[in-house]
Amino acid sequence: MEKGTKKVILLLTYGILLYWVLTNIQLVSSGISNILNVLSPIFIGIFLAFILNILLNLIENRFLGKAFQNVGLLQKRKRVIAVILTYICAIAIIAAIIFFIIPQVFASFQSLINELPQYIQSLEEDFIDLFSVLGVTDIDLNELFGNWEKISHSITEFLRNAAGTIFNITMNITSAVTNFFIGVIFSIYFLLYKDKLGHMGKKLVLTFTPQRMDHKIIYIFRQIYQTFTRFIGGQLTEATILGSMCFIGMILLKLPYAPLISVLVGVTSLIPILGAYIATVPSTFIILMESPVQAIIFVVFIIVIQQIEGNFIYPKVMGSAIGLDGLWVFLAITLGGKIFGILGMVLGVPSMAVIYTLVRNFTNRRYRKKFKKP
């Protein structure tokens, strides 16, 4: 069969398949959703293994590598011991979060809900005093605040119901918990046999892809792995440092709701550049209800620790993990957030870094080849 005929048959096959997919889009979507649901424990295992692999490499190479260097029997079991220590550290971190951080955050949140009516009443009185100074009549004030009590009651009830709803959802996700524990088991196997799995993947690529493409595909996957590993590890470290700095500083400055706001700042700082500033707006509003002076102090404090973090801590932690200028980072955050929401804002930066690196290397090679001096 001639090459032209093969191409025509291939195009017709793709066309028919695309037409069938478009005309049965709901069936295809339902099928994909069911497949993803069945495979969700595997995806969870891959995600956990990818995150924990950062800690595993640290334990296995830096600590156990030197400790077991002259012990032959333990050297053979180094991976198993490293995986056990990795999960012990992970469990210890989760336990510390559950028993120390979450109760304080919940207490701060509960205190905020309980004191919200008082804050609203105080705010109403401040507005009344302000409008009185401006010469607004009592009738105008009554019309302005006629439904304020209903509004404040609705806000309070919404927050209480939202907290209850979140708690009920958390307590009734049996399927998700089951998938998570199955995913943990998968992650253990992925970490134990990651070298064999990597070798198998490389062998499959070399076997079933054209010879001129196999090494390029391997290079792309290696670039993705290295970039995401460095970025995620750096961002987790940086978020922990920034959240801790925020908590210690707020305690020293005697600012209210330190646990709640510190966790909010730490979590949002996973988003590069904009994260901590995103948390500043609601945090300032929360403190403003307690004291305007303390709210101003908090804003100044956040600006200071952001300058310290941005100029000293972030470069040390991240190093060359991203390799992007500020323009590309901001573009990645914007596009990622528009398409995939919060997750897109977090993962958009390493994705852009991979694309930028691949395009830059390809362009440089073509440029050197095209303008090579004779």
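Residues numbered from 1 in each chain as written. Predicted model: local features only at pLDDT ≥ 70, side-chain atom pairs only at ≥ 80, totals over all residues. Heavy atoms only, no water.

A. Structural view of the overall build of the protein chain. Of regular secondary structure, the protein chain possesses 13 helices and zero strands. Across the protein chain, helices and strands are ordered from the amino to the carboxyl terminus as α-α-α-α-α-α-α-α-α-α-α-α-α. The contacts in the protein chain between residues at least 6 apart in sequence include a share of 69% that link residues at least 24 apart. Total accessible area computed for the protein chain in this model is approximately 25500 Å², and 71% of it derives from carbon and sulfur atoms. (Helix = DSSP H or I, 4+ residues; strand = E, 2+ residues; numbered from the N terminus. Contact = heavy atoms within 4.5 Å. Areas by Shrake-Rupley, 256 points an atom, 1.4 Å probe, with all protein chains shown as cover.)

B. Up close: helix α9 (residues 211-252). Relative to the 62 Å expected for 42 residues at 1.5 Å per residue, α9 spans 63 Å between its end C-alpha atoms, a close match to the ideal helical length. Phi turns positive one or two residues past the end of α9, at K254, with a value near 60°. (Expected span 1.5 Å × (residues − 1).)

C. Representation of the confidence of the model for the protein chain within the structure. For the protein chain, mean pLDDT is 77; residues scoring 70 or higher make up 75% of the total. The weakest mean pLDDT in the protein chain belongs to helix α5 (residues 138-144) at 50; the strongest belongs to helix α8 (residues 194-208) at 86. (pLDDT = per-residue confidence, 0-100.)

D. A look at the packing of aromatic side chains. Inspection of every chain in the model, using the stated rule, returns four aromatic pairs. Ring plane angle 90° and centroid distance 6.0 Å describe the contact between F50 and Y225, whose orientation is recorded as edge-to-face. Placement of F50 in helix α2 (residues 25-67) and of Y225 in helix α9 is noted, with a sequence separation of 175 residues between them. For F50, a relative accessible area of 23% translates into the label partly exposed. (Phe/Tyr/Trp six-rings, centres within 6.5 Å; stacked < 30°, edge-to-face > 60°. Buried < 20%, exposed > 50% of the residue type's maximum accessible area, 1.4 Å probe, protein only.)

E. Representation of helix α11 (residues 275-290) within the structure. Look at α11: 24 Å from first C-alpha to last across 16 residues, which is about the 22 Å you get at 1.5 Å a residue. Considered for burial, the residues of α11 that qualify are G275, A276, A279, T280, S283, T284, I286 and I287.

F. Molecular detail of a positive patch on the surface. Where like charges cluster on the molecular surface, the positive patch consists of R212, K216, R365 and R368. Breaking the positive patch down by element, the ones donating at least two residues are α9 and α13 (326-370). Looking at the secondary structure, you find K216 in helix α9. (Patch = residues over 30% accessible without salt bridge, like charges linked within 9 Å, V, L, I, M, F, W, Y side chains within 5 Å. Salt bridge = Lys/Arg side-chain N within 4 Å of Asp/Glu carboxyl O. Lys, Arg positive; Asp, Glu negative; His and termini not counted. Charge placed at Lys NZ, Arg CZ, Asp CG, Glu CD.)

G. Region of interest: the pattern of salt bridges. All chains considered together, the criterion is met by two salt bridges. The salt bridge partner of E60 is R79, with a shortest N-O separation of 3.0 Å. On the criterion of sequence distance, the pair formed by E60 in helix α2 and R79 in helix α4 (residues 78-133) is long-range, its members being 19 residues apart. What makes E60 buried here is its relative accessible area of 7%. Linked through salt bridges whose partners overlap, the residues forming this network are E60, R79 and D195.

H. Structural view of the packing of α8 against α9. Running from amino to carboxyl end, α8 crosses α9 at an angle of 150°, the nearest separation of the two axes being 8 Å. By the angle class used here, α8 and α9 are roughly antiparallel. The element α8 and its partner α9 pack so that their crossing is right-handed. Of α9, the residues touching α8 (which contributes K202, V205 and L206) are D214, H215, I217 and I218. Broken down by class, the residue content of the contact of α8 with α9 amounts to four nonpolar, one polar and two charged. (Axes fitted to C-alpha atoms, helices over the stretch in contact; angles between N-to-C directions. Parallel < 35°, antiparallel > 145°, perpendicular 65-115°, else oblique. Left-handed = near helix turned anticlockwise from the far one by under 90°. Nonpolar A, V, L, I, M, F, W, Y, C, P; charged D, E, K, R; others polar.)

I. Region of the structure containing the nonpolar core. By size, the foremost hydrophobic cluster in this structure holds 19 residues, and its most contacted members are C246, M250, I261, V265 and F298. Contributing elements (two or more residues each) for this core: α9, α10 (258-268), α11 and α12 (292-318). Per-element tally for this core: the top contributor is α12, with five residues. Among all residues touching M250, those that are not within four sequence positions of it are L255, P256, Y257, A258, I261, S262, I287, F298 and F301. In this structure, A49, L52, L56 and V184 belong to the second largest nonpolar core, which totals 12 residues. (Core = buried A, V, L, I, M, F, W, Y, C linked by side-chain atoms within 4.5 Å.)

J. Fine view of the side chain of S40. Summarising the element assignment, S40 is placed in helix α2. Overall, S40 belongs to the buried group, its relative accessible area being 16%. Polar side-chain contacts of S40 include one of 3.5 Å to the side chain of N179. (Polar contact = N/O pair within 3.5 Å; in protein donor to acceptor, adjacent residues only side chain to side chain.)

K. View of the environment of A90. Inspection of the secondary structure assignment puts A90 in helix α4. Relative accessible area serves as the criterion here: at 15%, A90 is assigned to the buried category. Sequence separation between A90 and L52 is 38 residues; the distance between their C-alpha atoms is 8.0 Å.

L. Focus on the environment of I101. Of note, I101 is situated in helix α4. The class for I101 is partly exposed, based on a relative accessible area of 40%.

M. Just the packing of α9 against α10, in detail. Running from N to C, α9 and α10 point in directions that differ by 155°, and their axes come no closer than 8 Å. The angle between α9 and α10 falls in the class roughly antiparallel. Judged by the twist between their axes, the crossing of α9 over α10 is right-handed. Between α9, through A239, L242, G243, C246, F247, M250 and I251, and α10, the contact on the second element is made entirely by A258, P259, I261, S262, V265 and G266. Across the contact of α9 with α10, the residue classes tally to 10 nonpolar, three polar and no charged.

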